[in-house]
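Architecture and fold: a report
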Protein chains: 2
Amino acid sequence: MTHGILIDLSGTLHVGDCPLPGAVAAIRRLQRSGVPFRFVTNTSRKTRAMLHADLVRFGFDVPVGQLFTAPLAVRRYLEEKGLRPHLLVHPDLEAEFDGLCREEPNAVVIGFARHAFTYGAMNRAFRLLMNGAPLLATGRTRYFEGADGLELDTGPFLAALEYGAQVEATVLGKPSPEFFFGAVAELGCAPDGAVMVGDDAVSDVGAAVRAGLRGILVRTGKYRPGDEAKAGIRPEAVASDVAAALEMILKEA
Amino acid sequence: MTHGILIDLSGTLHVGDCPLPGAVAAIRRLQRSGVPFRFVTNTSRKTRAMLHADLVRFGFDVPVGQLFTAPLAVRRYLEEKGLRPHLLVHPDLEAEFDGLCREEPNAVVIGFARHAFTYGAMNRAFRLLMNGAPLLATGRTRYFEGADGLELDTGPFLAALEYGAQVEATVLGKPSPEFFFGAVAELGCAPDGAVMVGDDAVSDVGAAVRAGLRGILVRTGKYRPGDEAKAGIRPEAVASDVAAALEMILKEA
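Not measured: the values here are computed from a predicted model.

Concerning the overall build of chain A
The number of helices and strands found in chain A is 8 helices and 14 strands. Relative to its length of 253 residues, chain A is compact, with a C-alpha radius of gyration of 18 Å against a globular reference of 18 Å. Put simply, chain A has 253 residues, and 48% of those count as buried. Considering only intrachain contacts with a sequence separation of at least 6, the fraction spanning at least 24 residues in chain A is 63%.

Thoughts on the domain arrangement of chain A
Looking at the assigned domains, one finds that chain A contains domain 1 (4-42 + 174-252) and domain 2 (89-171). The centre of domain 1 of chain A, based on its C-alpha atoms, is set 28 Å off from the matching centre of domain 2 of chain A.

Some words on the sheet that holds strand E6 (residues 85-88) of chain A
Each strand in a sheet pairs with another by means of backbone hydrogen bonds, the pair being arranged parallel or else antiparallel. Residues and elements named next belong to chain A. Ordered in space as E6-E7-E8-E11, the 4 strands form an open sheet in which the pairing is parallel. The open sheet has two edge strands with one neighbour each: E6 and strand E11 (170-171). Note that E6 and strand E7 (residues 107-110) share 4 bridges and pair parallel. Along E7, the bridge assignment pairs Leu88 with Ile110. Those strands touched by helix H4 (residues 119-130) are E6, E7 and strand E8 (135-137), and its axis lies near 150° from that of E6.

Quick word on the sheet that holds strand E5 (residues 67-69) of chain B
Residue and element names in this part refer to chain B. In spatial order, the strands read E5-E4-E1-E12-E13-E14; together these 6 strands make up an open sheet with parallel pairing. Because the sheet does not close on itself, it has two edges, and the strands there are E5 and strand E14 (237-239). When strand polarity is set aside, the average angle formed by the axes of neighbouring strands in this sheet is 25°. In this sheet, E5 lies alongside strand E4 (residues 37-41) in parallel orientation, the contact comprising 3 bridges. Looking across to E5, one finds that Phe39 is bridged to Leu67. Each of E4 and E5 touches helix H2 (residues 48-58); the most contacted strand, E5, lies at about 135° to it.

Here's the deal with the relation of the copies chain A and chain B
The two copies are related by a screw motion: chain A maps onto chain B through a turn of 179° and a shift of 0.0 Å along the axis, at an RMSD of 0.1 Å. Such a combination of turn and shift is consistent with a two-fold rotation axis. Minimal C-alpha distance to the rotation axis in chain A is attained by Ala160 of chain A, lying at 2.4 Å. Mapped onto chain B, 100% of the interface residues of chain A are again interface residues, and the two copies thus contact each other with one and the same surface.

Some words on the interface of chain A and chain B
Listed per partner, the contact involves 24 residues of chain A and 24 residues of chain B. Only H4, strand E10 (149-152) and helix H5 (154-165) of chain A provide two or more residues apiece to the side of chain A that touches chain B. Among the elements that take part in the side of chain A that touches chain B, H5 of chain A stands out by supplying 8 residues, more than any other. Counted by class, the side of chain A that touches chain B contains 14 nonpolar, 6 polar and 4 charged residues.

Focus on helix H6 (residues 177-187) of chain A
All names here are of chain A. Along H6, the residues that are buried comprise Phe179, Phe180, Gly182, Ala183 and Val184. On its buried face, H6 is in contact with strand E1 (4-8), strand E4 (37-41), strand E5 (67-69), helix H3 (70-81), strand E12 (194-198) and helix H7 (201-210). In the segment just after H6, Gly188 is the residue with positive phi, at about 75°.

Some words on the packing of H5 of chain A against helix H5 (residues 154-165) of chain B
In helix packing, the relevant descriptors are the interaxial angle and the interaxial distance, both defined with respect to the helix axes. Here H5 of chain A crosses H5 of chain B at 140°, and the two axes come no closer than 7 Å. Here H5 of chain A is positioned oblique relative to H5 of chain B, judged by the angle of their axes. With respect to the hand of their crossing, H5 of chain A and H5 of chain B are arranged in right-handed fashion. Between H5 of chain A, through Gly155, Pro156, Phe157, Ala159, Ala160, Leu161, Tyr163 and Gly164 of chain A, and H5 of chain B, the contact on the second element is made entirely by Gly155, Pro156, Phe157, Ala159, Ala160, Leu161, Tyr163 and Gly164 of chain B. Across the contact of H5 of chain A with H5 of chain B, the residue classes break down as 12 nonpolar, 4 polar and no charged.

Here's the deal with the nonpolar core
By size, the foremost hydrophobic cluster in this structure holds 156 residues, and its most contacted members are Val108 and Val242 of chain A together with Val108 and Val242 of chain B. Leaving out residues up to four positions away in the same chain, Val108 of chain B has contacts with His86, Leu88, Ala125, Leu128, Leu129, Ala133, Leu135 and Leu136 of chain B.

Notes on helix H1 (residues 23-33) of chain A
All names here are of chain A. Inspection of H1 places Ala23, Ala26, Ile27 and Leu30 among the buried residues, and these make up the whole buried set. Considered in projection along H1, the buried side chains sweep an arc of 100° and stay on one side of the axis. Contact partners of the buried residues in H1: strand E2 (14-15), strand E3 (18-19), E4 and helix H8 (242-252). Note on H1: the residue one or two positions beyond its end, Gly34, has a positive phi of about 85°.

A look at the environment of Gly132 of chain B
Mapped onto the secondary structure, Gly132 of chain B falls in the loop between helix H4 (119-130) and strand E8 (135-137). As a C-alpha pair, Gly132 of chain B and Asp92 of chain B span 40 residues in sequence and 27 Å in three-dimensional space.

Conventions used here
- Residues numbered from 1 in each chain as written.
- Chains lettered and ligands numbered in written order.
- Predicted model: local features only at pLDDT ≥ 70, side-chain atom pairs only at ≥ 80, totals over all residues.
- Helix = DSSP H or I, 4+ residues; strand = E, 2+ residues; numbered from the N terminus.
- Rg over C-alpha atoms; globule rule 2.2 N^0.38 Å.
- Buried ≥ 20, exposed ≤ 12 C-beta atoms within 10 Å, placed from the backbone.
- Contact = placed C-beta atoms within 7 Å.
- Domains from an automatic or database assignment.
- Pairing = 2+ DSSP bridges.
- Axes fitted to C-alpha atoms, helices over the stretch in contact; angles between N-to-C directions.
- Least-squares fit on C-alpha atoms with pLDDT ≥ 70 in both.
- Nonpolar A, V, L, I, M, F, W, Y, C, P; charged D, E, K, R; others polar.
- Parallel < 35°, antiparallel > 145°, perpendicular 65-115°, else oblique.
- Left-handed = near helix turned anticlockwise from the far one by under 90°.
- Core = buried A, V, L, I, M, F, W, Y, C linked by C-beta atoms within 7 Å.
- Arc of directions from axis to C-beta.

Below, the structure is given as structure tokens:
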């Protein structure tokens, strides 16, 4: 029985600015079915509002609340543990943490930050870590393609703080199990009642299966023949695309 | 036979602002002996000119050219390999690299930098590394005591670039063998003709011995009873202080 569905964005629902064939109609059918779902993504370079605007532009007419991102996974973790974050993130991303108490912080949150990675900000985070604050991160991505060339992403600055304070971060983006636990909590079901649909055999499907979910791999986006046989990855099924995957799931549900 | 002597600064010649008893007179005797020597230090937080001014204030009347530091070791390495550096160092330290060609850089040098560790500067270094430039560093120190609390030193930012570009740095400060090779080259002798005198059983004495020099440990500064027995460290002798160590060496020379 399927009580909830998680669906990856890039490479699964769309590639670049183009929705994948049949994806818009498949999501419309999914909404009518009443089965709870979330769009899940590791991207911490855009706010949920920005991601939502993109999806609407591609033709996916879903509320912003259907989006589950790595920064939201961090927020849920902070809320659950009653932690007050010191944010080392891009100013645009601070809004994702609105409403949380940030006075006398007792946790460090590092995410996509670009020019907010100043020496002063790194030191403030470092001193909190040396006082025992836990280190939380949206991911360990090494770099991304910026407007005028490659740019350092979150991972290197996370490595700097881990080395400086000799601590290990809790990473709350995919492939962390906590990411999937946070997402299925939003669906209101247990991990084994949920299915993850994505194009990444390791970070989407393999990681979801390891967290106790079921996983369906789609042959779009970054999928390459043979991905489903990768060591340690056991997708429940491989579908030609997200439309076929959702049809399989809804038929069974 | 001893053809040259390397002497550590902090903990060996002085502690804080005070020269160690007998040290000033011992250095005066050493100068009269004509045996070549260098004062060696890993400190990259001060320029050679600043370190020299401190030494003169403590009563050590030696020319600045007698000082061999980690940034100078980097400079010698660049000269030897014909490399053009991109400098990620504190503006004060740039003078240590005066006269080197810095156009179209093909090597990245990272040292003590504080607020010069901006996101833009880190990216410029990262892009060069991704194009195959070697990464050179003055050290891997995690942090230091700043005016208003702990501050991140070179090590964490080095770790960031190593993780980002998936490269390993060549560290040219102690305990790197290259540091000692650079220093004995200045003395004009072979490693096995030189003696290192210092208070750090691992970074001074052990590392020098591993680089092929002889080593004398002094019981001042950070020395603690039993240091000479630390695994892998074979000091040739242990002396009560630098004056006693130099007396031993000059008697034999």
